[in-house]
Amino acid sequence: MRPVRRAGLLLLFLLGGCPPTLSAPRGDEHLRAMAEADRHHTAGRDALAIESWREAASTAERRVDRDEAEHRAALSLRREGQWEEALTLFDAIAAREPISRRTVRAMYEAARIRLEHGERSAALAAFRGICFEHAEAGQASRSLTILVRELRASEGEDAASAFLHELDAAVSGTDLGDDVLTELAALAREHGDRDEARALYERIALEHPYPRGQRWDDTFMRLADMAEEESDHEGAVVYLTRMIAPHALGLSPGSYTLPHMPEAALRIARILRDEIHDVDRAATAFRRTYDEFPTSLLRDDALVELGELLLDAGRLSEGCEVLSRAIHEVEVGSAVRRARERHASACGSSAAREP
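Residues numbered from 1 in each chain as written. Predicted model: local features only at pLDDT ≥ 70, side-chain atom pairs only at ≥ 80, totals over all residues. Heavy atoms only, no water.

Draft legend 1. Region of interest: the overall build of the protein chain. Of regular secondary structure, the protein chain possesses 18 helices and zero strands. Sorting the 355 residues of the protein chain into buried and exposed places 44% on the buried side. Of the contacts formed within the protein chain by residues at least 6 apart in sequence, a portion of 54% connects residues at least 24 apart. For the protein chain, the accessible area works out to roughly 17,800 Å², and carbon and sulfur atoms hold 52% of it. (Helix = DSSP H or I, 4+ residues; strand = E, 2+ residues; numbered from the N terminus. Buried < 20%, exposed > 50% of the residue type's maximum accessible area, 1.4 Å probe, protein only. Contact = heavy atoms within 4.5 Å. Areas by Shrake-Rupley, 256 points an atom, 1.4 Å probe, with all protein chains shown as cover.)

Set out below in C-alpha cells:
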C-alpha cells in the first residue's frame, strides 16, 4: 500500500475509533483455530499450523475469514514443499467472486508457483492479467517486474518494449503507470536514447506527482544523474530542486518526506559548492538541508559542511560559529569529529569544548 493511502487509513482510524479496513474476524471456533495456527507457525511447526488453518477455514462464518485462513495455509504448504496443494488453495481463493482482499495476492502466488514449476505460459498469462486487470493492486508492480525480466530473457528487448507500450496505453492513469514508464525509461537509457528516457521521466513527474507518485524522488534523482553525466550541473540542481520543492509547502494531509529528499537537498549543496563554485547558493542549500529535514541523518553533515564551506571561503567568524553549533548539537559520528578537528585548527580549541 502506498504511503499516502496508509496516512489516509490511519486518519480514518483515529477519527472513527475503529479499524479502517475490514471488520474483525468472528466466530469462536474460527478464532480459536486461527490463534492455535499462529502459535504453531510462530514456533516453526508449519505442519501443525496447516491443520489448524484448515480447521479455521472450515469453521469461518464469512468468506473473507475463510480466504484469510486458506491463504495462510497455502503459504505454509508452499514452505513445506507441498506446492501442488498450495496451488489448489491459491486457485480456489482467486476464483471466488466478488473480488476480496486476498484475491489478487492469491493470483500472484499461484502464478509464481506455476513459473517455478515449468508452467511458464500460464504463469505469464496470469501476471499479465494482474497488470491489466488489477493495476491498482500491490502485486501488479511485482508482476510487471517478473514479466519484463522473462520477456527480455526469452523473447528479447523488443518484446519487452512492445508489452510495456501496450500496458502504458491501458494503465497510464493508475498506480502501475509510473512503474511502466520507469521500465520504459530504463530500456531507453540502455539503448542510449537519452532524449526518450528524459521524456519518459518527465512524464512520470507530470502524471504521477508528489505526494501520490511513488516514483517521484527516484525519477528526479535519475534526471539529475543524466544531467550530471552531460556536465549540466545547473540542470541537475534544477531537477533536484523540483523534487524537494513540494516538501517545503507542507502539503497536508498526506505529505511526507520521500527517502531521497534529504539526499537531494544535500546533493544540491555539494554540486553548488564543488561544480558550480557558488558559495552563497551552496551555503543556502546546506542550511536548507539542515532546517527542512530535522529527522534526517544527513543534517549533521549539512551543518558541518556548511561550516567548512564558510571557512574555506574566508568567512572565519561565520564558519567558526556554525562549527561551534555543530559541536554542541551533534552528539556522535564522523561529522562532529570533523567539526571538532576543523574548529580546533581554524578557530581555537577553547570554543570546541563542551559547555
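From this point, things continue past the structure.
Draft legend 2. Geometry of the state of the cysteines. For the structure on display, the rule yields one disulfide. The side chain of Cys320 participates in a disulfide bridge whose partner is Cys347; the two sulfur atoms lie 2.0 Å from each other. Disulfide Cys320-Cys347: torsion about the S-S bond near -90 degrees, hence left-handed. Taken together, the residues span a long stretch of sequence, with Cys320 in helix H17 (residues 316-329) and Cys347 in the segment after helix H18 (334-346) at a distance of 27 residues. We classify Cys320 as buried; its relative accessible area is 14%. Under the relative-accessibility criterion, Cys347 is labelled partly exposed at 26%. (Disulfide = S-S within 2.5 Å.)

Draft legend 3. Geometry of the packing of aromatic side chains. Taken as a whole and assessed by the stated rule, the structure comprises four aromatic pairs. Residues Tyr210 and Trp216 carry aromatic rings whose centres are separated by 6.5 Å and whose planes lie at 50 degrees to one another, so their mutual orientation is tilted. Grouping residues by exposure puts Tyr210 and Trp216 together as buried. Seen from their ring centres, Trp216 and Phe220 are 4.8 Å apart, and the 70 degrees between their planes marks the pair as edge-to-face. One end of the pair is Trp216 and the other is Phe220, both in helix H12 (residues 216-229) and four residues apart, which spans about a single turn. In this pair, the class of Trp216 matches that of Phe220, namely buried. Following the ring pairs from residue to residue traces out a cluster consisting of Tyr210, Trp216 and Phe220. Here the guanidinium or amino end of Arg142 rests over the ring plane of Tyr108, the centre of that ring lying 5.4 Å away. (Phe/Tyr/Trp six-rings, centres within 6.5 Å; stacked < 30°, edge-to-face > 60°. Lys NZ or Arg CZ within 6 Å of the ring centre and 35° of its normal.)

Draft legend 4. Here's a closer look at the environment of Leu167. Residue placement: Leu167 occurs in helix H9 (residues 157-171). With near-sequence residues (within four places) excluded, Leu167 lies in contact with Cys131, Phe132, Leu144, Ser172, Leu176 and Val180.

Draft legend 5. Geometry of the nonpolar core. Membership of the largest hydrophobic core comes to 76 residues, with the highest contact counts inside it found for Leu144, Leu176 and Met243. Among the elements that make up this core, the one with the highest residue count is helix H14 (residues 261-274) (eight residues). Not counting residues up to four positions away in its chain, the partners in contact with Met243 are Trp216, Asp217, Phe220, Met221, His260, Met261 and Ala264. Ala86, Leu87, Phe90 and Ala94 belong to the second largest nonpolar core, which has 22 residues in total. (Core = buried A, V, L, I, M, F, W, Y, C linked by side-chain atoms within 4.5 Å.)

Draft legend 6. Here's a closer look at the environment of Ile146. Secondary-structure assignment places Ile146 in helix H8 (residues 138-154). Sequence separation between Ile146 and Leu124 is 22 residues; the distance between their C-alpha atoms is 8.5 Å. Ignoring any residue separated from it by four or fewer positions in sequence, one finds Ile146 in contact with Tyr108, Leu115 and Phe127.

Draft legend 7. Inspection of unusual backbone geometry at higher detail. With an omega dihedral of -5 degrees, the bond running from Glu97 to Pro98 counts as a cis peptide bond. Positionally, Pro98 belongs in the loop between helix H5 (83-95) and helix H6 (103-116). A cis amide bond links Tyr210 with the next residue in sequence, Pro211, at an omega value of 5 degrees. Topologically, Pro211 is positioned in the loop between helix H11 (194-207) and H12.

Draft legend 8. Local environment of the packing of H6 against helix H7 (residues 120-133). Put simply, H6 and H7 touch, their axes get as near as 8 Å, and they point 155 degrees apart. The angle between H6 and H7 falls in the class roughly antiparallel. The chirality of how H6 crosses H7 is left-handed. Where H6 abuts H7, its residues Val104, Met107, Tyr108, Ala111, Arg112, Arg114 and Leu115 lie against Arg120, Ala122, Ala123, Ala126, Phe127 and Ile130. Tallied by class, residues from the contact of H6 with H7 come to ten nonpolar, no polar and three charged. (Axes fitted to C-alpha atoms, helices over the stretch in contact; angles between N-to-C directions. Parallel < 35°, antiparallel > 145°, perpendicular 65-115°, else oblique. Left-handed = near helix turned anticlockwise from the far one by under 90°. Nonpolar A, V, L, I, M, F, W, Y, C, P; charged D, E, K, R; others polar.)

Draft legend 9. Inspection of the environment of Leu316 at higher detail. By the secondary structure assignment, Leu316 is in helix H17. Here the alpha-carbon distance between Leu316 and Ala346, two residues 30 residues apart in the chain, equals 8.0 Å. Those residues in contact with Leu316 that sit more than four places away from it in its chain are Leu311 and Ala346.

Draft legend 10. Expanded view of H14. Across its 14 residues, H14 extends 20 Å between first and last C-alpha, which sits within 8% of the 20 Å expected from 1.5 Å per residue. Burial of H14 is extensive: ten of the 14 residues sit out of reach of the surface. (Expected span 1.5 Å × (residues − 1).)

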